[in-house]
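Residue-level structural notes
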Amino acid sequence: MGLLNQEHRKDEKIDGVVYDMSPAPNFRHGIVNSNIHRIIANGLKNSLCLVFMENLDYHYHPEINDDYFCPDIMIICDRKHLKGGSYSGIPKFIVETSSPSTSKRDKTEKKDAYEKAGVEEYWIVSPNGNIEIYYLQNEKYMLEQSFILQDDPEDEFYNAQTVIRLKDFPHIKMTLKEIFENVD
């Protein structure tokens with residue numbers, strides 16, 4: 001029984017400190033990740049790039065230490081940096097889906113680490129309908145887009161049909177409605 005529990009444990013190591021990511025976040029977190037992952041995976045068919053969802057550790061500065069994150073969604077195109085259950089190259093795209101216990105780290109330590117590593121596009125998504133999209137410009141993240149889903153067609157700020165494209169993969173597009181589909 002102990003081995004089974006160990007296999008399902010998820011953690012991250014930041015500045016030498018291990019953060020236990022168990023228990024799993026609520027189901028809305030998984031639905032949002034699944035929606036985004038499905039759209040990206042379909043868009044990357046017949047590509048050298050791969051998309052991972054919550055199952056690949058990212059060693060964001062392997063030359064300094066063995067710290068790692070386990071991003072919710074990550075696109076990698078340089079397969080030579082894949083080894084076992086980890087990746088040590090520079091991802092093209094990362095999504096962190098925030099929960100009450102991870103929100104601060106997603107917006108501070110992780111954002112800073114991804115910026116320093118050179119990740120071109122970083123999304124912070126909240127299952128309640130918020131998205132912040134950062135693009136790397138001159139080695140610094142700039143908030144490029146920010147959305148709060150309004151899916152009531154009668155509301156003047158209705159935006160569920162707003163299309164978002166990935167910067168490095170403009171053929172991959174999704175609407176706010178698709179990202180948050182089935183969350184309620």
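Preceding block: the structure.
In what follows, the accompanying structure is described. Just so we're clear, the structure is a prediction, and the values are computed from it rather than from any experiment.

Of the regular secondary structure elements, the protein holds five helices and 13 strands. The proportion of buried residues among the 184 residues of the protein is 43%. Restricting to contacts in the protein with at least 6 residues of sequence separation, those with at least 24 account for 52%. Just so you have it, the protein exposes about 10300 Å², and 50% of that area is on carbon and sulfur atoms.

In this section: the sheet that holds strand S9 (residues 121–126). Strand order across the open sheet formed by six strands is S3-S5-S8-S9-S10-S11, with mixed pairing between neighbours. One side of each edge strand has no neighbouring strand; the edge strands of this open sheet are strand S3 (50–53) and strand S11 (140–148). With strand direction ignored, the average angle separating the axes of adjacent strands in the sheet is 15°. Sheet analysis places strand S10 (residues 130–137) next to S11, joined by eight bridges and oriented antiparallel.

With that settled, the discussion passes to the pattern of salt bridges. The full count for this structure, using the stated rule, is six salt bridges. With a shortest N-O distance of 3.6 Å, Glu120 and Lys167 are connected by a salt bridge. Residue Glu120 is found in the loop between helix H4 (109–117) and S9, and its partner Lys167 is found in the loop between strand S12 (163–165) and strand S13 (173–175); the two are separated by 47 residues along the sequence. Look at Glu120 and you get partly exposed, because its relative accessible area is 28%. Each of Glu96, Asp106 and Lys110 takes part in one network of salt bridges that share partners.

Moving on, we come to the state of the cysteines. For the coordinates displayed, the defined rule picks out one disulfide. The disulfide bridge from Cys49 ends at Cys77, spanning 1.9 Å between sulfur atoms. Here Cys49 and Cys77 share a disulfide; its torsion about the S-S bond, 105°, makes the bridge right-handed. Here Cys49, found in the loop between helix H2 (27–43) and S3, pairs with Cys77, found in the loop between strand S5 (73–76) and strand S6 (82–83); they are 28 residues apart in sequence, far enough to count as distant. Its relative accessible area of 12% is what places Cys49 among the buried residues.

Here three strands make up an open sheet; going across it, the order is S4-S7-S6 and the pairing mixed. Either end of the sheet is taken by a strand with one partner, and the two such strands are strand S4 (57–58) and S6. Note: S4 against strand S7 (residues 86–87), two bridges, orientation parallel. Paired with Asp57 across the bridge in S7 is Ser86.

On to H4. Of the positions making up H4, those classed as buried are Lys110, Lys111, Ala113, Tyr114, Glu115 and Ala117. Looking one or two residues past H4, Gly118 carries a phi angle of roughly 95°, positive in sign.

What follows is about the packing of aromatic side chains. If you walk through the whole model with that rule in mind, you get 10 aromatic pairs. Look at Phe93 and Trp123: their rings are 5.1 Å apart centre to centre, the planes differ by 80°, and that puts the pair in the edge-to-face class. Within this pair, whereas Phe93 is found in strand S8 (residues 93–97), its partner Trp123 is found in strand S9, the two being separated by 30 residues in sequence. In this structure an aromatic cluster arises from ring pairing among Tyr58, Tyr60, Phe69, Tyr87, Tyr114, Tyr122, Tyr134 and Tyr141.

Below, the discussion takes up the pairing of S9. With six of six residues buried, S9 is to be regarded as a mostly interior element. Taking every second residue as pointing to the same face, both faces of S9 are buried, with Glu121, Trp123 and Val125 on one and Tyr122, Ile124 and Ser126 on the other. Looking at chain direction, S8 and S9 are connected through five bridges and run parallel. Residue pairing in the sheet places Phe93 in a bridge with Glu121 of S9.

The rules behind these values
- Residues numbered from 1 in each chain as written.
- Predicted model: local features only at pLDDT ≥ 70, side-chain atom pairs only at ≥ 80, totals over all residues.
- Heavy atoms only, no water.
- Helix = DSSP H or I, 4+ residues; strand = E, 2+ residues; numbered from the N terminus.
- Buried < 20%, exposed > 50% of the residue type's maximum accessible area, 1.4 Å probe, protein only.
- Contact = heavy atoms within 4.5 Å.
- Areas by Shrake-Rupley, 256 points an atom, 1.4 Å probe, with all protein chains shown as cover.
- Pairing = 2+ DSSP bridges.
- Axes fitted to C-alpha atoms, helices over the stretch in contact; angles between N-to-C directions.
- Salt bridge = Lys/Arg side-chain N within 4 Å of Asp/Glu carboxyl O.
- Disulfide = S-S within 2.5 Å.
- Phe/Tyr/Trp six-rings, centres within 6.5 Å; stacked < 30°, edge-to-face > 60°.

This is a description of form; function is not addressed.
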